[in-house]
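Geometric and topological summary
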Amino acid sequence: MKHSNTKGFVRLIIAVMLCFLGACKKELSTESAKIKPPVRTYIVTARADKKGTNSNSAGSAVLRGNYDEETKVLSYSIDYIDIEPQVMTLRYGSKGSVGTFVRELYNIQNGKLSVVRGGFELTPLQERNFLKGLWFVTVNTATMSPEISGVLTYKQQ
């Protein structure tokens, strides 16, 4: 009988010790464990010309802008010469492809402008494709679609 009392007492001691050890577990805060990457801003440029489309166009366009990772906003301005654009769009895809439509930047129905300006917020998928260098700008005219195009490049500020 004494042996069974000792077994029960040892089991009780082990159970109490396990409870104490379980209660003393140190919890790691997920906020303190995560290190936030630095927020970057980029200078964005694109030169659209006949090389992007293998056309014989004399026109060219230059897109200049900024992208901020914190706000996810891409702001831009486009200057063009020797071309009468009907529509300007942003697209993404591999080089030489038609690409997937991202956003319309200019439409002649909105009124003829010499400099196109604007900005918009990128979705996570758009941001990923933009930072992979897959975006390009296309300029369509009444005679050719697209007449000129150029790849967007970016440089960290």
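Scroll up a little and you will see the structure.
Sequence order as written defines the numbering, with residues in each chain counted from 1. Where local features are concerned, this predicted model is filtered to residues with pLDDT of at least 70; where side-chain atom pairs are given and counted, the filter is 80 or more; whole-chain, interface and lining totals use all residues. Where side-chain values are given, they derive from all heavy atoms of the structure, hydrogens and water being excluded.

**A few points about the sheet that holds strand β8 (residues 148-151)**
Working definition: the strands of a sheet are paired by backbone hydrogen bonds and lie parallel or antiparallel to each other. Note on pairing: two strands pair once DSSP finds at least 2 bridges between them. Each helix corresponds to a stretch of at least 4 residues labelled H or I by DSSP, and each strand to a stretch of at least 2 residues labelled E; elements are numbered beginning at the N terminus. Spatially, β5-β4-β7-β8 is the arrangement adopted by the 4 strands of the open sheet, whose pairing is antiparallel. Where the open sheet ends on each side, the last strands, each with one partner, are β5 (100-107) and β8. Averaged over all pairs of adjacent strands, the angle between strand axes in this sheet comes to 20°, irrespective of strand direction. Where strand β4 (residues 87-92) lies against β5, 6 bridges are found, and the strand directions are antiparallel. Across the sheet, residue arginine 91 finds its bridge partner in β5, namely phenylalanine 101. Where helices are involved, their axes are fitted lines through C-alpha atoms of the stretch in contact, as for all axes, and angles between N-to-C directions lie from 0 to 180°.

**Thoughts on helix α3 (residues 124-131)**
Buried residues are those whose accessible area, probed at 1.4 Å on protein chains only, stays under 20% of the maximum for their type, while exposed residues exceed 50% and partly exposed ones sit between those limits. For α3, the set of buried residues is Gln126, Glu127, Asn129 and Phe130. Summarising the axial view, the buried residues of α3 lie within an arc of 165°, below the 170-degree limit, and thus occupy one face. In this context, the arc is that of the directions from the helix axis out to the C-beta atoms.

**Brief notes about the pattern of salt bridges**
Every case where a carboxyl oxygen of Asp or Glu lies within 4 Å of a side-chain nitrogen of Lys or Arg is listed as a salt bridge. Applying the stated criterion to the full structure yields 3 salt bridges. Arginine 47 serves as the salt-bridge partner of aspartate 49, at 3.8 Å between the closest nitrogen and oxygen. Among the salt bridges present, the one from glutamate 127 reaches lysine 72, with a minimum N-O distance of 3.3 Å. Taken together, the residues span a long stretch of sequence, with glutamate 127 in helix α3 and lysine 72 in the loop between β2 (60-68) and β3 (73-81) at a distance of 55 residues. By relative accessible area, which is 12% here, glutamate 127 ends up buried.

**Considerations on the nonpolar core**
Core analysis: the biggest nonpolar cluster contains 26 residues, and Leu90, Leu105, Trp135 and Leu152 have the highest contact counts within it. Elements that contribute at least two residues to this core include exactly β1 (41-48), β2, β3, β4, β5, β6 (115-121) and β7 (135-140). Contacts: residue pairs with any heavy atoms within 4.5 Å of one another. Those residues in contact with leucine 105, other than ones at most four positions away along the chain, are Leu63, Tyr76, Ile78, Met88, Thr89, Leu90, Val116, Phe120 and Val137. Only buried residues count toward a nonpolar core. Its members are Ala, Val, Leu, Ile, Met, Phe, Trp, Tyr and Cys residues joined through side-chain atoms within 4.5 Å.

**A short note on the sheet that holds β1**
What the 5 strands build is an open sheet, ordered β6-β3-β2-β1-β9; its pairing is antiparallel. Single-partner strands in this sheet number two, and they are β6 and β9 (153-156). The sheet shows a mean angle of 20° between the axes of neighbouring strands, taken without regard to direction. Summarising the sheet, β1 and β9 pair through 4 bridges and their orientation is antiparallel. Looking across to β9, one finds that tyrosine 42 is bridged to glutamine 156.

**With respect to the packing of aromatic side chains**
Classification of ring pairs uses Phe, Tyr and Trp, with its six-membered ring standing for Trp, and accepts pairs whose centres are within 6.5 Å; under 30 degrees between planes counts as stacked, over 60 as edge-to-face, and the remaining range as tilted. Considering all chains together, one arrives at 6 aromatic pairs under this definition. Taken together through their ring pairs, the aromatic side chains of Tyr42, Tyr67, Phe120, Phe130, Trp135 and Tyr154 make up a single cluster.

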